[in-house]
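Here is how the chains run, residue by residue.
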Amino acid sequence: KRASGEDGDASVETYYTPHVDSSALSHGLQTNRYYQGVYRSNRDSYNDGYVSIRQGDDRVAVVVQGSSDVNRAVDGDIVAVELFSLDKWLGGEESSGVDRSKVEKLKQKGGNDNDGAGIAADTAEPTVKDIDNITEEVAVDEAGDLRRPTGKVVGIIRRNFHKNYCGSLCTIDDAAADAEEKSTHPHDIIAAKHEREHPDGITSTVVFFSVDPRVPPILLRTTQRERLVGMRILVSMDSWPADSEYPLGHYVKTLGVTGTKDTETQVLLQEFRIPCEPFPAKVLACLPPLDYKIELEPGRADLRHIPVLSIDPPGCKDIDDALHCTELPNGNWQVGVHIADVTHYVEAGSAIDLEAANRSTSTYLVNKRLDMLPSLLTTDLCSLKGNVDRFAFSVLWEVTPDADIVDVEFKKSIIHSIAALTYQQAQSLIDKPDEDCKDDIQVGAVKRLASLARKFRARRINAGALTLASPEVKFVLDSESLNPTDVQAYTLFEANAVVEEFMLLANVTVAKKILRHYPTLSILRRHPAPNRSMFDSLMRKAKTQGVSICIDDSKKLADSLDEAGRTFKDPYLDQLLRILSTRCMSPAQYFCSGEYQAKDWHHYGLAAPVYTHFTSPIRRYADVCVHRLLAAAIGVSPLPVFLSSKSYLHDLAANMNRRHRAAQLAGRASVQLHTLIFFSGGEDGDEGGGTKEEDAYVLDVETAENTEPSFTVMVPRYGIEGRVRLSHIAGDDECLLRDPDKFRLSYKDAKSGKVVGSVTVFDKVRVKIWVRKSRDRKELVLDLLEPKGFADSSGNDNGKRTKKQTIKQ
């Protein structure tokens, strides 16, 4: 359209409404015509998102949709937003101009809408309210009618252009290649429109596409077009004038060839904005000297005489926790949970503390770990390794052998672990006959801990705690190339549950303690009860198997899942139902206790009225904050001033939630990358990979009329989920029978009318898993092998498969 240029001069062609000038913006903010806030893009689109604004002490999300209303804001910009009139807010009968379905996707999915084959998810996508603790609906009348505010961006107060956006160029050459394959990618259309050679004969404008869908395409003017094609590159955004459809930027550097493992690992770190730079000098300057000696200090309890031990996965170097259980003279037992005293080395407000607060969590990839704290602390001074003195924060209980808690105390301590056991080693101690271990200190301690853990767990389950499941698998890596040679399920021992039980007990105990002293300033972790609508589809699917799921409360859900497990003939269906139930729930989130009423502090999955994170301060900043709260509560050190600000705590919790979620997604992306390498076989993976045939279970069936027949499956062996497309069958084929009530697809013989194949939710099927390569992408493909009545018998080769589901690397 034509409008005045932003400088008020001649008429120029513009794509967007010019931003309001600074004086009008300032006046509008003062008079509440405009509101200031941070723009956050949806995970699957740069043209949809929300702006968080203040309304009194609360924060409210204003939905902003479409390129016109987003008006060149990018994720993280501080913007001025103008609210639409009430009739355009969501929730009332009239919401013209707003795509309600997209907003619901923001609320319920919050993530990538790609239904591609890849690593199965653990939980539902967190909502805006979950991550940022922001209200999504406000009352608009005395009757309490709730609506979701909508608006448009009118100005940018401060840009949040990142230095490094990661992705690739899409050129008109790619578009031509796709044209030959009779396919058109949306990127090709944009490239064809904007790529051009300049009159100087040296430079050209090309289009850069970030791997992060929250980032718009960026137009680059470069002399290096040919060198950059097929590479993963970093680009910086410079400006976004109103007369440019997309922002302008410049090339920063090349990461490497698209598709290689090292390059794609760098890409996923950039995509999820995982801090991966070396710790700066000012952070390292906060560390103790290399010859630092740990010695008993005044005010610290000396517990080195107690036989403390740790139980962790093999090869664990950042050991946060250790345990002990000794017999007392009165016949009771003393149980101790000892947690690394990170705050002894990380002074509040110091450079290392600010760095840890920004990172918020360690990130674990398949082949590497990115630490929240420097390695001197992570794997040495703070790690509760065996046979060395270490500072700890200890929670000590006196309990009866029947697991009744008599007393509890909290102490800063110095401990000396007598053993660093693996889960398997601890399990071997648990399994030893009682008569063989009377004089063995380690065996006695571990067996007493196991006895108590069984009783604590039984009480939690009886109170309504859920026993859920995850599709997670682990890779066996080649010792030299670190490429995957095998994929294995995690082996869980009773020893795993023993450690988990005492970590849960410590976290609940500490939560209660800090709340008594700081009822409005405590960092807690809440898990809201699931929305019934999120369980609706699973409940209907379960009914097809004669199973009823009740979600009135966590106890009834747990009982109904247990009953379902007894009903299923196939034992894996019990685990599958628990995996799917987990996905019907949002993940737990950090929050400040002063922002919610006490009834909303509840942790649904654990059936705990209050819960926090205390037990992993080496790898989670929330635990560092909780350590400081607990230290202040027991009077060993004052509470840092910034932890007395609810506004600071709100922002801190929001950052921890975002970083925690990003670390999870980066971990999944790393598994996804290694899965592609594994199934690529000899070319990219090591021996043991390549095309595989495996059993899979049907999770969902596409039963809508005239749609391409397909169904979603889970492959337990590899933790893969994806859609099997029956593209050889037309959507309007008269022989195709769809039954939405039973979640079933059937196919009948055209002559006899006899059903020759059918697929129903929870059925076991057989699939072929392989990797297809096209352009700069690799795609994981699932082909149906059985039931044969549905399988494509045309014998298509790997270049022309029709039943497929892809995941873009």
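Residues numbered from 1 in each chain as written. Predicted model: local features only at pLDDT ≥ 70, side-chain atom pairs only at ≥ 80, totals over all residues. Heavy atoms only, no water.

Remarks on the overall build of the chain
Tallying secondary structure elements over the chain gives 19 helices and 36 strands in all. Split into buried and exposed, the 809 residues of the chain put 54% on the buried side. In the structure as shown, the chain presents an accessible area of about 35500 Å², 48% of it carried by carbon and sulfur atoms. (Helix = DSSP H or I, 4+ residues; strand = E, 2+ residues; numbered from the N terminus. Buried < 20%, exposed > 50% of the residue type's maximum accessible area, 1.4 Å probe, protein only. Areas by Shrake-Rupley, 256 points an atom, 1.4 Å probe, with all protein chains shown as cover.)

Quick notes on the sheet that holds strand β4 (residues 45–55)
Pairing within the open sheet is antiparallel, and its five strands lie in the order β5-β4-β3-β6-β10. Each end of this open sheet is capped by a strand with a single partner; those strands are β5 (58–65) and β10 (151–158). Neighbour-to-neighbour, the strand axes of the sheet open up by a mean angle of 40°, direction not taken into account. The pairing of strand β3 (residues 35–42) with strand β6 (residues 78–83) spans four bridges and is classified as antiparallel. From the neighbouring strand, Gly37 faces β6, where its bridge partner is Val79. Along the sheet, helix α1 (residues 22–30) contacts β3, β6 and β10; its crossing angle with β10, the most-contacted strand, is approximately 115°. (Pairing = 2+ DSSP bridges. Axes fitted to C-alpha atoms, helices over the stretch in contact; angles between N-to-C directions. Contact = heavy atoms within 4.5 Å.)

Let's talk about the pairing of strand β30 (residues 710–715)
The buried count for β30 comes to six of six residues, which makes it a mostly enclosed element. With four bridges connecting them, strand β29 (residues 692–701) and β30 associate as antiparallel partners. Its bridge partner lying in β30, Asp700 is registered against Thr712. As judged from the six bridges shared by β30 and strand β31 (residues 720–725), these two strands associate in the antiparallel manner. When the bridges of β31 are listed, Val713 appears paired with Gly722. Hairpin connection of β30 to β31: four residues between the antiparallel strands, including Gly719 at a positive phi of 65°.

Some remarks on unusual backbone geometry
Between Glu786 and the following residue, Pro787, the backbone shows a cis peptide bond with an omega angle of 10°. The backbone of Asn32 sits at a positive phi, close to 65°, despite the residue not being glycine. Its place among the elements puts Asn32 in the loop between α1 and β3. Positioned with a positive phi, Asn387 is a non-glycine residue whose angle comes to about 65°. Along the polypeptide, Asn387 turns up in the loop between α11 (375–381) and β23 (389–399).

Some remarks on the environment of Phe568
Within the secondary structure, Phe568 is located in the loop between α16 (554–567) and α17 (571–583). Judged by its relative accessible area of 10%, Phe568 falls in the buried class. Phe568 sits 21 residues away from Val547 along the chain, and the two C-alpha atoms are 8.7 Å apart.

Overview of helix α19 (residues 646–680)
Helix length check: α19, at 35 residues, gives a terminal C-alpha distance of 51 Å against a target of 51 Å (1.5 Å per residue), a fit within 8%. Once α19 ends, the next one or two residues include Gly681, with phi positive near 75°. (Expected span 1.5 Å × (residues − 1).)

Re the confidence of the model for the chain
On average, the chain scores 86 in pLDDT, and the residues at 70 or more come to 88%. For the stretch residues 92–115, pLDDT sits under 50, and the model shows 58 contacts to residues farther than four places along the chain or on other chains. Between residues 795–809, whose pLDDT stays under 50, and residues either more than four places distant or in other chains, the model counts 59 contacts. (pLDDT = per-residue confidence, 0-100.)

Some points on the side chain of Thr712
The topology assignment puts Thr712 in strand β30. Given a relative accessible area of 9%, Thr712 falls into the buried group.

Here's the deal with the nonpolar core
Judged by nonpolar contacts, the single largest core of 96 residues is most densely connected at Leu452, Phe502, Ile523, Phe614 and Tyr621. Ranked by the residues each element gives to this core, the list is headed by helix α14 (residues 494–517), at 11 residues. Aside from chain neighbours lying at most four places away, what touches Ile523 is Ile514, Tyr590, Phe591, Thr612, Ala622, Cys625, Val626, Leu629, Leu649 and Met656. The next biggest cluster of nonpolar side chains, apart from the first, holds 32 residues, and it includes Ala696, Val698, Leu736 and Leu784. (Core = buried A, V, L, I, M, F, W, Y, C linked by side-chain atoms within 4.5 Å.)

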